[in-house]
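Listed here are the chains, written in short residue letters.
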Amino acid sequence: MKKIGIFALIPFILFLSGCWDQLELEEQAYVVVVGVDKSEQQNAIDVTFQIANPQVGSTDQSQAEKEPASQIITLTVPDIISAKDTANAIITRQVTFSHLQSFIISRELAETEEFQNIVSSVTRDRQIRREVSLIVTEEKASDFISQNDPKLETRPHKYYELMKRRWEHKGMVPYSTFDNYFEQSEGKNAPFLAIYATSKRKDNKYGEEDDYVAGQVNTKGGNPVQMIGAAVIQGGKMIDVLTGEETRLAMLMRRVSQADSWLTTYKDPLDKKHRLTTRIIKEKSTIIDVKTDTEPLTINVNVPVTIQLQSIPSQIDYVKDQKNQELLQSYIEEVLNEKASELVKKTQEKYHDDVFLWHLEARKNFWKTEAFYKYDWNEKYKNAHVNIQFNVTLKDFGKQLRPPKAISEEQ
Amino acid sequence: MKKLDGKIGLREFASVIMLTIGIKLTDMTPSLLFENGEQASWMVPLISSLIISIPVFFMLSLLKKYQDKGLIEVIYKITGKYIGAIIGVILFLILLVGTILNSRSYIDVISVMFFRTTPIYFLYLSLMIASAFVAMRGFETIGRTAWLIIPFIKVVLYMLVIYVWEDLNITHLFPLGGPGLDQIFLQSLEFSSIFSELILIGCLFQFVRNYKSFKIGGFIGAVNAVFDIVLFIALYIMVFSYPSVNNITFPFQALTQSANVASVLDHTESIYLAFWAMSSVVHFSLYLYLTVAIFAYTLKLKEPEPLILPFAGFVLLMGLIPENLNQTIFATRENLLVLTSAFLLPLPILLWIIDRIRGKRPL
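The following paragraphs examine the structure supplied in this document. Quick caveat, the model's predicted, so the values are computed rather than measured.

Residue and element names in this part refer to chain B. Its twelve residues give helix H14 (residues 308-319) an end-to-end C-alpha distance of 16 Å, which sits within 8% of 16 Å, the value for a rise of 1.5 Å per residue. All buried positions along H14 are accounted for by Ile308, Phe311, Ala312, Val315, Leu316 and Gly319. Looking down the long axis of H14, one finds its buried residues gathered within 145° of arc, a one-sided arrangement. Every exposed residue of H14 that faces more than 90 degrees away from the buried side is listed here: Leu309 and Leu317. Packing partners of the buried residues in H14 comprise helix H5 (81-113), helix H6 (120-136) and helix H13 (269-298).

In this structure, Leu91, Phe139, Phe214, Phe232, Tyr236 and Tyr289 of chain B are the most contacted members of the largest nonpolar core, which totals 126 residues. It is helix H10 (residues 211-240) of chain B that provides the largest number of residues to this core, a total of 16 residues. Each residue touching Phe232 of chain B, except ones within four places of it in the same chain, is listed here: Leu25, Leu157, Leu160, Val161, Phe252 and Leu255 of chain B. Residues Leu252, Ile316, Tyr331 and Leu336 of chain A belong to the second largest nonpolar core, which totals 49 residues.

Turning next to the side chain of Ser48 of chain B. All names here are of chain B. Relative to the assigned elements, Ser48 resides in helix H3 (residues 43-65). Residue class for Ser48 comes out buried when judged on its relative accessible area of 0%. Setting aside residues no more than four positions away along its own chain, Ser48 makes contact with Ser188, Phe191, Ser192 and Phe195.

We now examine the interface of chain B and chain A. The interface of chain B with chain A comprises 40 residues on the first partner and 28 residues on the second. When chain B packs against chain A, the two sides together hide about 3100 Å² of surface, and 51% of this comes from carbon and sulfur. At the junction of chain B and chain A, the tally comes to one salt bridge. A salt bridge links Arg129 of chain A to Glu269 of chain B; the shortest N-O distance between them is 2.5 Å. For the pair chain B and chain A, the interface holds nine residue pairs in polar contact (both at pLDDT 80 or more). Elements supplying a minimum of two residues to the side of chain B that touches chain A: H5, H6, helix H8 (181-190), H10, helix H11 (242-245) and helix H12 (251-258) of chain B. Partitioning the side of chain B that touches chain A into residue classes produces 17 nonpolar, 17 polar and six charged.

Bringing a nonpolar patch on the surface into the picture now. Residue and element names in this part refer to chain B. On the surface, Leu10, Ile216, Phe219, Ile220 and Val223 cluster together into a nonpolar patch covering about 400 Å² of accessible area. Per-element tally for the nonpolar patch: the top contributor is H10, with four residues. Inspection of the secondary structure puts Phe219 in helix H10. Look at Phe219 and you get exposed, because its relative accessible area is 58%.

Once that is clear, we can look at the packing of aromatic side chains. Under the defined criterion, the tally for this structure stands at 29 aromatic pairs over all chains. Feature note: the residues Phe103, Phe115, Phe178, Tyr181, Phe182 and Phe192 of chain A constitute an aromatic cluster, connected by ring pairs. For Arg137 of chain B, the ring lying beneath its charged end belongs to Phe133 of chain B, and the centroid distance is 4.7 Å. Over the face of the ring belonging to Tyr76 of chain B we find Lys300 of chain B, whose NZ or CZ atom lies 4.2 Å from the ring centre.

Turning next to the side chain of Asn102 of chain B. All names here are of chain B. Following the sequence through the fold, Asn102 ends up in helix H5. Judged by its relative accessible area of 5%, Asn102 falls in the buried class. Sequence-distant contacts of Asn102, that is, excluding residues within four places in its chain, are made with His283, Phe284, Tyr287 and Arg333.

Turning next to unusual backbone geometry. Phi is mostly negative for residues that are not glycine, and the peptide bonds are mostly trans. Cis geometry is adopted by the peptide bond preceding Pro296 of chain A, which originates at Glu295 of chain A and carries an omega value of 0°. Note on placement: Pro296 of chain A falls in the loop between strand E12 (287-291) and strand E13 (298-311). Residue Pro175 of chain B follows Phe174 of chain B across a cis peptide bond; omega there is -5°. Relative to the helices and strands, Pro175 of chain B is located in the loop between helix H7 (139-163) and H8. Of note, Leu357 of chain A is a non-glycine position whose phi angle comes to about 60°, a positive value. By secondary structure assignment, the location of Leu357 of chain A is in the loop between helix H9 (322-351) and helix H10 (358-362). On the basis of relative accessible area, Leu357 of chain A is assigned to the buried category, the value being 17%. Within the chain, Asp376 of chain A stands out as a residue other than glycine whose phi angle is a positive 60°. Here Asp376 of chain A is to be found in the loop between helix H11 (369-375) and helix H12 (377-382). Judged by its relative accessible area of 38%, Asp376 of chain A is partly exposed.

Rules of the game
- Residues numbered from 1 in each chain as written.
- Chains lettered and ligands numbered in written order.
- Predicted model: local features only at pLDDT ≥ 70, side-chain atom pairs only at ≥ 80, totals over all residues.
- Heavy atoms only, no water.
- Helix = DSSP H or I, 4+ residues; strand = E, 2+ residues; numbered from the N terminus.
- Expected span 1.5 Å × (residues − 1).
- Buried < 20%, exposed > 50% of the residue type's maximum accessible area, 1.4 Å probe, protein only.
- Arc of directions from axis to C-beta.
- Contact = heavy atoms within 4.5 Å.
- Core = buried A, V, L, I, M, F, W, Y, C linked by side-chain atoms within 4.5 Å.
- Buried area = accessible area lost by both parts, 1.4 Å probe.
- Salt bridge = Lys/Arg side-chain N within 4 Å of Asp/Glu carboxyl O.
- Polar contact = N/O pair within 3.5 Å; in protein donor to acceptor, adjacent residues only side chain to side chain.
- Nonpolar A, V, L, I, M, F, W, Y, C, P; charged D, E, K, R; others polar.
- Patch = residues over 30% accessible without salt bridge, like charges linked within 9 Å, V, L, I, M, F, W, Y side chains within 5 Å.
- Areas by Shrake-Rupley, 256 points an atom, 1.4 Å probe, with all protein chains shown as cover.
- Phe/Tyr/Trp six-rings, centres within 6.5 Å; stacked < 30°, edge-to-face > 60°.
- Lys NZ or Arg CZ within 6 Å of the ring centre and 35° of its normal.

If you want it as structure tokens, here you go:
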């Protein structure tokens, strides 16, 4: 009796191994990046796929020595998902989105109403994850993808994976994924910050270490692609660009930010010729106190930051001199406060809404959702009193106790 | 080793309850709640469970009085031949329709999220065969299977909380009151049948070793299940934020997709598919068994087991009728839940009152 039972199970092995949804690794084409551009055709878009070649950079490379690390194709199609099949006119493998890392939209397209439609239609596809990063590029997305030539990474997915990890901590670009976008845009019409990038080097300027929009960083050699700053998306389309510095400040003023440690320089308060390099560390969350019962709306923001002094080119003793330390501390606080206030003013005047997720804090003051909508945050925020106070703690000064002094001839 | 006698003890009973109710956090139940519960949806199951505990309390007192008899027999005893049969048939129909709708929605989850091209009838057939296979061996096997897998399910489930920890944003839960407490309470009342198993399982009272195991096991299971459901609904809101979460068809699957284990493993959903499939089989084996048992006891048949296979086939055939998921779920399931609440909530209380009146005045 038992034996018959076991034999009866054998047909199941055939069934359960699956014939319908089987995936043969050899037959997959993994799309790492999707780029979307406005098309010359009506009601169509240009979709660019960068498809990774899994054999390159693996131990299996000897089998495919002459194959490139990735293939880039551009198609003119009505939408992105159907492009998967159209792509098969060129590619022999099954196009798969399950390892998609980044979704790139050109600025030209992002500035139209189509942006919202494209982004929201894509998430219906079950292979596309909600943590795919959303990038807006200055030029056409297809140009950006083909220009992107990371020198240190052979495999394209590695490039985006590593970039993403750097972004999270350095704060030069916002943390922008599909998930963040829906979170912020569906709840209310809050401006959303997307990563801004370009592969065009243009009107280079000297903006210290972070006062740039993508394309302005003065570099020579290496990959032409620059990702710095943020595209501001509001009401389903892109309306503005923030510089790297503004993006960092915006990240700092949010309650919690993923970006928690970055290098930045300040003018030396005692020697205006030199700049001090510091590492800003945000260990504690920002304290945001939104007073919705006052007229006008009052927002008190307290940003605790810890600063490590990394280099002191001016050779002034900040380490042992208590007075200098206090001076430096209040000076940095002042600079940060001032810059932050400027940014807040910009958001009040230009976007009529905050990019700091303060409205989420304001919601705590209401018991019912309805009451919050009635409060009309946007209108109130426009004229709000915002008090920003950075609290700087000098944590350490690197491994030198005092600057090594060169003895000049006169001495 | 204890001899098998067809009865289960406290831990098995608790696991069955935990699994069959707890699994609702993974299906479309949360999606139903988000519609009107908004940010405060997580309160709904909490209040619902409190509401349903009242009739459960009355049922327990009845079951205690009529030792060793299932709920259906108790109903017959109290209300007589004709009314008893009507109540039995209604309970049976509720469960049958529930089984059909639920199983179909589970199949849709698998079909939409994982196996796009596999025909639905094949997925459905696999689920029904597996569930019938467990159910045919009786309630004891269901209990033991549940007890066997519950530790793994629990560990994997709570691991998910850790995996999504970075994406949690507690401010998404505000305004705390959501649509207002009156709305929440109404929702809780309507959807209290999410926990209807707690009453229906009374029909299988005779399979639990004793009254104490039934009471305590049921309590432990229910508290666990409620905790999990509340926790996960809150997690969905914290990760996806309110209006956004309402647009996601399968929040649990979306959550497993966005979970990642450091940067090593970021396609965790396949692991969860495996554990979820196991729990679904237990869930539906209990549903099948319960449906068939109510049917059998209403018709005063001795053995429900031989009927399970034909019923599984019937569920399969009925479940294949709707063309797509939204036809089944949003139209029918919501109505069914509300109807079930309306019928099940007062039932034990009425039974108890009738029992009291008749007890004083013997016929």
